[in-house]
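# Observations on chain architecture
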Amino acid sequence: ARLIPPPPSVWTGIRSVHCRADGGRLRDIDKQAIKLAQPVLNGFKLMSICAKEDAPDLVSMGIPALNILMRLHHNPTQAGNADFFMDIWNLPIQESLASGVTWFELFNEVGLREEGKGIIWKDANEFCDLALKIIGLIRTKYPKAKLVSPGLSPQPDTMDWWSVFSARGLFKAVDAVGGH
């Protein structure tokens, strides 16, 4: 039998939830839920299209800015190169950093067609080509930004994507590994 260690007596990690799936702004009911979940909840994942308005609201509700992760939003049907994505992400990154938010997730569930596979990138290698260029641009322009690899949706080929990310150095290029 495999023994499972007991949970730590004091959890020091960030306990977070994801913003609304539709990418919309926080509603009153969302804010009420956040207040009810505290002090257990101490982090939050926002989409960059809501950064300017929602990050300060979260901080005022007691979520530390350093515990907010900003997912850099993109249109999964619109292909572009690294400069294209930097053009659409510059303002949200600037606004987030100005409000104390430093963590940024590059894309989301990149192995899914709904998130760009087959449209923006054909496979994990092509995604890594794009992501590594973007990481270099962000590191140069925003040295205080902390980067997170995209979380992968559990799929039959998830381990293949994971292996490519590792072999291509994507995990070494970021500050944290995203997961779902």
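On the surface, a cluster of nonpolar side chains totalling about 310 Å² of accessible area is made up of Met159, Trp162 and Val177. By secondary structure assignment, the location of Val177 is in the segment after α6 (170–173).

Right, let's talk about the sheet that holds strand β1 (residues 16–18) for a bit. Read across the open sheet, the five strands follow the order β1-β2-β3-β4-β5; overall the sheet is parallel. The open sheet terminates on both sides in strands that have one partner only, identified here as β1 and β5 (146–148). Neighbour to neighbour, the strand axes of the sheet diverge by 25° on average, direction disregarded. Against the sheet, helix α3 (residues 82–98) contacts β3 (68–72) and β4 (103–106), and its axis sits at roughly 155° relative to β4.

Within soluble globular proteins, side chains that are nonpolar generally end up buried alongside one another. Leu58, Phe107, Phe127, Ile134, Ile138 and Phe165 are the most contacted members of the largest nonpolar core, which has 46 residues in total. Mapped by element, the contributors of at least two residues to this core are β2 (43–47), α2 (51–60), β3, α3, β4, α4 (124–141), α5 (158–168) and α6. Every residue in contact with Ile134, bar those within four places of it in the chain, is listed here: Ala82, Phe85, Met86, Trp89, Leu106 and Phe107.

Now for the packing of aromatic side chains. Counted according to the given criterion, the structure contains 11 aromatic pairs. Residues Phe84 and Phe85 carry aromatic rings whose centres are separated by 5.1 Å and whose planes lie at 80° to one another, so their mutual orientation is edge-to-face. The class for Phe85 is buried, based on a relative accessible area of 0%. Ring plane angle 80° and centroid distance 5.1 Å describe the contact between Phe85 and Phe107, whose orientation is recorded as edge-to-face. Of this pair, Phe85 sits in helix α3 while Phe107 sits in the loop between β4 and α4, placing them 22 residues apart in sequence. Three or more aromatic residues link up through ring pairs in this structure, and these residues are Phe84, Phe85, Trp89, Phe107, Trp121, Phe127, Trp161, Trp162, Phe165 and Phe171.

So, about the side chain of Lys45. Here Lys45 is to be found in strand β2. In this structure Lys45 comes out as buried when scored by relative accessible area, which is 10%. Of note is the side chain of Lys45, whose polar atom sits 2.6 Å from the side chain of Glu105. Setting aside its immediate chain neighbours within four residues, Lys45 contacts Ser16, Val17, His18, Cys19, Leu69, Arg71, Glu105, Asn108 and His180.

Parameters at a glance
- Residues numbered from 1 in each chain as written.
- Predicted model: local features only at pLDDT ≥ 70, side-chain atom pairs only at ≥ 80, totals over all residues.
- Heavy atoms only, no water.
- Patch = residues over 30% accessible without salt bridge, like charges linked within 9 Å, V, L, I, M, F, W, Y side chains within 5 Å.
- Areas by Shrake-Rupley, 256 points an atom, 1.4 Å probe, with all protein chains shown as cover.
- Salt bridge = Lys/Arg side-chain N within 4 Å of Asp/Glu carboxyl O.
- Helix = DSSP H or I, 4+ residues; strand = E, 2+ residues; numbered from the N terminus.
- Pairing = 2+ DSSP bridges.
- Axes fitted to C-alpha atoms, helices over the stretch in contact; angles between N-to-C directions.
- Contact = heavy atoms within 4.5 Å.
- Core = buried A, V, L, I, M, F, W, Y, C linked by side-chain atoms within 4.5 Å.
- Buried < 20%, exposed > 50% of the residue type's maximum accessible area, 1.4 Å probe, protein only.
- Phe/Tyr/Trp six-rings, centres within 6.5 Å; stacked < 30°, edge-to-face > 60°.
- Polar contact = N/O pair within 3.5 Å; in protein donor to acceptor, adjacent residues only side chain to side chain.

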